[in-house]
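# Residue-level structure breakdown
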Amino acid sequence: MIKVITYGTFDLLHRGHIRLLERARALGDYLVVGVTSDDYDKTRGKINVRQSLMERIEAVRATGLADEIIIEEYEGQKIDDIRRYEIDIFTVGSDWFGQFDYLNDYCKVIYLERTEGVSSSDIRAEQRKIRLGCVGAALLVDKFAHESKYVNGLEISDVSLRNDMDKQELERFLSASDAVYIASLPKYHYEHVKTALQADKHVLCESPMALSVAQYKELLEIAADRNCILMDSCKTAFSTAYARLLLLIKAGKIGDVFAVDATCTSIREMNEDTWNSICEWGPTAMLPVFDILGTAYLNKTIYTHFDEDGNDLFTKIDFCYPHAVASIKVGKGVKSEGELIVSGTKGYVYVPAPWWKTDYFEVRYENPADNKRYYYQLEGEGIRYELLAFKKTIENQKKNFCMAERNSEAFCKVIEDFYADKLIKI
Ligand code: CTP
């Protein structure tokens, strides 16, 4: 019996896939089809896959062409599979020509002509595109505009590097967009978000979304009335490593959490046309605190150093919870090690600098032999995943759970207290 194997994502199964499977089957007597897992696809940079693994497997099964379906989960698995299933022929479409020649050491490799004129990417892109306008700081807007290219179904309709558009200007700017990414100066966020929502645009806004809780709640209400998505933009929340780290902590890997310490600093120029330290770094540093310990802290103390021009060079905030404490250090005029440490009764999580765009972390224990290292792919600093989540949230009209509203509100509360001078000057 000649056994054949082939692999693919098989998203939105189309005639190209079916023709490939038919010809693969005709090469032998028994066909094994490897369908890629979501995690594996993500590590290969394939982030736009529409259907779940189970839906894709079901679609392949329904063709009746596969004798056996397996899941492809890791790099190098093909060699394992060829040995395990005693495969005679490995086959794949000609778009991979030459790339699997190394498998000739294990079985015969055959590249089949790819069917012209159809692909999962094309089908995904054909579905109505969401037109995204981007407005605000060049550093952020440029990154978002660039990263949007990797998100099927999202296209940049307009870009403005102006920070201070008034209502009419912004309305005009938004006329050709369905959604907007706002990275203007934080003092304009509330007005800009409100204008966009009132023009029925979905909004992705850099944190903090407003400078007070009352303003934030008003924005939420407008968004709900208008049936628009309002999402806080904090890229770290969308990175795989960060999401997995939270899961491990919640699953008890380090026992009960007693402390969260996060530091985010940089040395950058500050003036009235730039972000201050607390707005630029505060939300990112607070994210793990609120994700892990919640937002119902008992009290907090804010220590800030202002220079003679009134710039907040450095801030340390201590949060006290009923059974834990947390501390964040942020600054644009002080440099420190940008690490994240979460301390628990069994061990601790250590995320090296810069932890907010990490692809790696360690869980460490008393006995170093028990330590574990975790590595996850991170593309485009997490912005790509964030844009994808924003697009999916708009399409599904369901709240996104990576960025909880309670976190956004808690960010605004801290910023509000900061501006109300509820702090200790150092
Ligand atoms: N394939 C094909 N003809 C097509 C599309 C895909 O022969 N028009 C083959 C691929 O070469 C591969 C298998 O089908 O052997 C699974 O491909 P997959 O990557 O899942 O499909 P694509 O349509 O290429 O997906 P994407 O656009 O996401 O890359």
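These lines cover the structure that appears in this document, whether it is placed above or below. Owing to the predicted nature of the structure, the values given are computational and were not obtained by experimental measurement.

About the thresholds
Residues numbered from 1 in each chain as written. Predicted model: local features only at pLDDT ≥ 70, side-chain atom pairs only at ≥ 80, totals over all residues. Heavy atoms only, no water. Helix = DSSP H or I, 4+ residues; strand = E, 2+ residues; numbered from the N terminus. Buried < 20%, exposed > 50% of the residue type's maximum accessible area, 1.4 Å probe, protein only. Contact = heavy atoms within 4.5 Å. Areas by Shrake-Rupley, 256 points an atom, 1.4 Å probe, with all protein chains shown as cover. Lys, Arg positive; Asp, Glu negative; His and termini not counted. Charge placed at Lys NZ, Arg CZ, Asp CG, Glu CD. Pairing = 2+ DSSP bridges. Axes fitted to C-alpha atoms, helices over the stretch in contact; angles between N-to-C directions. Phe/Tyr/Trp six-rings, centres within 6.5 Å; stacked < 30°, edge-to-face > 60°. Near = heavy atom within 4 Å. Polar contact = N/O pair within 3.5 Å; in protein donor to acceptor, adjacent residues only side chain to side chain. Nonpolar A, V, L, I, M, F, W, Y, C, P; charged D, E, K, R; others polar. Left-handed = near helix turned anticlockwise from the far one by under 90°. Right-handed = clockwise from strand over helix to strand, strands pointing away. Core = buried A, V, L, I, M, F, W, Y, C linked by side-chain atoms within 4.5 Å.

## Re the overall build of the protein
- Helices and strands together make up the secondary structure of the protein, namely 13 helices and 19 strands.
- Across the 426 residues of the protein, 52% fall into the buried class.
- Here the contacts in the protein between residues at least 6 apart in sequence split such that 69% fall between residues at least 24 apart.
- Entry remark: accessible area of the protein is about 19,400 Å², with carbon and sulfur atoms responsible for 49%.
- Seen as two clouds, the 54 positive and the 67 negative side-chain charges of the protein have centres 2 Å apart.

## Some details on the sheet that holds strand S17 (residues 360-365)
- Read from one edge to the other, the open sheet built from nine strands follows the order S18-S17-S16-S15-S11-S14-S13-S12-S19, with strand pairing classed as mixed. Among the strands making up the open sheet, the edge pair consists of strand S18 (372-375) and strand S19 (424-425).
- Set on the sheet, helix H11 (residues 277-293) makes contact with strand S11 (257-265), strand S13 (312-321), strand S14 (324-331) and strand S15 (340-344); between it and S14 the angle comes to about 160°.
- Against the sheet, helix H13 (residues 405-419) touches strand S12 (299-306) and S13, its axis set at about 50° to S12.

## Digging into the packing of aromatic side chains
- Considering all chains together, one arrives at 17 aromatic pairs under this definition.
- Plain terms: the ring middles of phenylalanine 97 and tyrosine 111 are 5.0 Å apart, the flat faces sit at 55° to each other, and that makes the pair tilted. Of the two residues, phenylalanine 97 is situated in the loop between strand S4 (89-93) and strand S5 (108-112) and tyrosine 111 in strand S5; the sequence distance between them amounts to 14 residues.
- Judged by its relative accessible area of 63%, phenylalanine 97 falls in the exposed class.
- Pairwise contacts between aromatic rings join Tyr7, Phe90, Trp96, Phe100 and Tyr102 into one cluster.

## What about the site of the ligand?
- Residues in contact with the ligand amount to 18 residues; listed here are only the nearest, Asp95, Thr115, Val118, Ser120 and Ser121.
- Contact distances for the ligand include 3.0 Å between an oxygen atom and a side-chain N or O atom of arginine 124.
- Bound to the protein, the ligand loses 93% of the 570 Å² it would expose on its own.
- The residue inventory of the shell around the ligand, partitioned by class, reads four nonpolar, 10 polar and four charged.

## Focus: the packing of helix H10 (residues 240-250) against H11
- Close contact between H10 and H11 brings their axes to 10 Å; oriented N to C, the two are set at 35°. Read as a crossing pair, H10 and H11 show a hand that is right-handed. Here Tyr242, Leu246, Ile249 and Lys250 of H10 come into contact with H11, specifically with Leu287, Pro288, Asp291 and Ile292.
- Here the residues of the contact of H10 with H11 sort into six nonpolar, no polar and two charged.

## So, the pairing of strand S6 (residues 130-136)
- With six of its seven residues buried, S6 lies for the most part within the structure.
- Where S6 lies against strand S7 (residues 154-160), six bridges are found, and the strand directions are parallel. Directly across from valine 135, in S7, lies its bridge partner serine 160.
- Traced from S6 through helix H6 (residues 138-147) to S7, the parallel crossover comes out right-handed.
- Where S6 meets strand S8 (residues 179-183), five bridges bridge the pair, whose relative direction is parallel. Residue pairing across strands places leucine 132 opposite alanine 179, the latter belonging to S8.

## Quick look at the sheet that holds S7
- The parallel open sheet is built from five strands, whose spatial order is S7-S6-S8-S9-S10. Edge positions in the sheet fall to S7 and strand S10 (230-233), since each has one partner strand and no second. Strand after strand, the sheet turns through a mean of 20° between neighbouring axes, direction not considered.
- Along the sheet, H6 contacts S6, S7, S8, strand S9 (202-206) and S10; its crossing angle with S8, the most-contacted strand, is approximately 145°.

## Topic: the pairing of S8
- Summarising burial for S8: five of the five residues are buried, a large majority.
- Bridge analysis of S8 against S9 gives four bridges, and the strand direction is parallel. Of the residues in S9, the one forming a bridge with alanine 179 is histidine 202.
- Regarding the hand of the β-α-β motif, the stretch spanning S8, helix H8 (residues 186-198) and S9 is right-handed.

## Considerations on the nonpolar core
- If you look at the biggest cluster of nonpolar residues, it comprises 74 residues, and the most contacted ones within it are Phe290, Phe319 and Phe361.
- Take this core: its biggest share by element is 10 residues, from H11.
- Those residues in contact with phenylalanine 290 that sit more than four places away from it in its chain are Thr295, Tyr297, Phe319, Tyr321, Arg406, Asn407, Ala410, Phe411 and Val414.
- Val203, Val213, Ala223 and Cys412 belong to the second-largest nonpolar core, a separate cluster that totals 24 residues.

## A few points about the environment of leucine 174
- You can see leucine 174 is positioned in helix H7 (residues 167-174).
- Taking the relative accessible area as the measure of exposure, leucine 174 reaches 0% and is therefore buried.
- When the C-alpha atoms of leucine 174 and lysine 413 are compared, they prove to be 29 Å apart, with 239 residues separating the residues in sequence.
- Those residues within four positions of leucine 174 in sequence are excluded, and the remaining contacts are Val180, Ala196 and Lys201.

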